[in-house]
Amino acid sequence: MRIAVCLVVLVACLVVATSSGGSPLPGGSPEGQATEPGPTPGEGVPAIPPTLTAPPAISLGIEGPAFAPTSPWNTQISGSPAIDPNSAAIAGYLGSEMRANADIYEYGAPVWTAIAGDPFNHVSCTEPWGTCQLSQQPIPIPAIAKSSGGSDGSMVVIDSTTGTGYDFWRTSRTSPTSWSASWGTRFSMSGDGTGGGATGAGVPLLAGLPRLGELTQGRIAHALGFISNNTCASVYRYPASKTDGHSGASNCIPEGARIQLDPSINVDALP
């Protein structure tokens, strides 16, 4: 099965993709490997501006669609995309070497939506990486919220009143109304879903994440993110703004790269 690796692309913690069976690969660290966001951008490759068509908007009620319709996460791959020069090697790795695991409980990113009446919390960051956006204002967080159980301790909170999202990394509750995080950032739910984010690629945790409302409706109208331990150490693609990859292999995947099935494949006909 041929897979085209496009330059016009994306990824939350690593690669944006569609699986060979037509099902999403939820985010997670393969074999329990944590992904650590760093403060310093890596060496990058200039972005190729996408000229894509946004899919029809869908209504998810209180969950709402993440990011603007023109966001790179919400735009379709064009009919004649720019193909990565290393596409064949990457496709070969994905088709024959990569094992997929849906480690959604230990290393997934739980998403909590705060509504009017939820308590405001004070959040402190422990890493000295600059100004912590989580500490700049009290954040409404549902009382039942908790982070993922793995070493990443990830969590996303969406303030439905202001349309603001918050990323948390290595998070713990320190009192009924206070939290501690190694790092975190703030983003707009109506923005483009690029820049910032508590991920190694410098994009929000929410980007590329399948959400409950979408699964309930049976339709996911955006790119999907997954994590690989074969991401490149010195190359990334838009909308990633940096990389925390460690691989120097010839078939390494640039963080931010978008993967698509060969458009000639009839996904509905796959067993």
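Residues numbered from 1 in each chain as written. Predicted model: local features only at pLDDT ≥ 70, side-chain atom pairs only at ≥ 80, totals over all residues. Heavy atoms only, no water.

Visitor: Tell me what's going on with the pattern of salt bridges, and back it up with residues and numbers.
Guide: Working definition: two side chains of opposite charge can pair if their charged atoms are close together. As enumerated under the stated definition, the model contains 1 salt bridge in all. The partner of R237 in a salt bridge is D84, with the nearest N and O atoms 2.7 Å apart. Of this pair, R237 sits in the loop between strand 10 (231-236) and strand 11 (253-255) while D84 sits in the loop between strand 2 (15-16) and helix 1 (87-96); the two residues are 153 residues apart in sequence, bridging distant segments of the chain. Each member of the pair, R237 as well as D84, carries the same accessibility label: buried. (Salt bridge = Lys/Arg side-chain N within 4 Å of Asp/Glu carboxyl O. Helix = DSSP H or I, 4+ residues; strand = E, 2+ residues; numbered from the N terminus. Buried < 20%, exposed > 50% of the residue type's maximum accessible area, 1.4 Å probe, protein only.)

Visitor: Account for helix 1, naming residues and giving values.
Guide: Those residues of helix 1 lying buried are S87, I90, A91, Y93 and L94. Buried residues of helix 1, viewed axially, fall in a sector of 160°; they line one side. Facing away from the buried side of helix 1, by more than 90 degrees, are the exposed residues A88, G95 and S96. (Arc of directions from axis to C-beta.)

Visitor: Explain the side chain of S180 to me, using residue names and the numbers behind them.
Guide: Among the structural elements, S180 can be located in strand 8 (residues 178-188). A residue is classified by how much of its surface remains accessible, and S180, at 16% relative accessible area, is buried.

Visitor: Help me get a handle on the packing of aromatic side chains, residues and values and all.
Guide: Inspection of every chain in the model, using the stated rule, returns 3 aromatic pairs. Look at W129 and W169: their rings are 6.1 Å apart centre to centre, the planes differ by 20°, and that puts the pair in the stacked class. Taken together, the residues span a long stretch of sequence, with W129 in the loop between strand 4 (120-125) and strand 5 (139-140) and W169 in strand 7 (residues 164-175) at a distance of 40 residues. Overall, W169 belongs to the buried group, its relative accessible area being 2%. Among the aromatic residues, ring-to-ring pairing joins W129, W169 and W183 into one connected group. (Phe/Tyr/Trp six-rings, centres within 6.5 Å; stacked < 30°, edge-to-face > 60°.)

Visitor: How would you summarise the confidence of the model for the protein if you had to cite specific residues and measurements?
Guide: Put simply, the protein has an average pLDDT of 78, and 76% of its residues get 70 or more. Within the model, pLDDT remains below 50 along residues 1-61, and this stretch shows 205 contacts once partners closer than five positions in the same chain are excluded. (pLDDT = per-residue confidence, 0-100. Contact = heavy atoms within 4.5 Å.)

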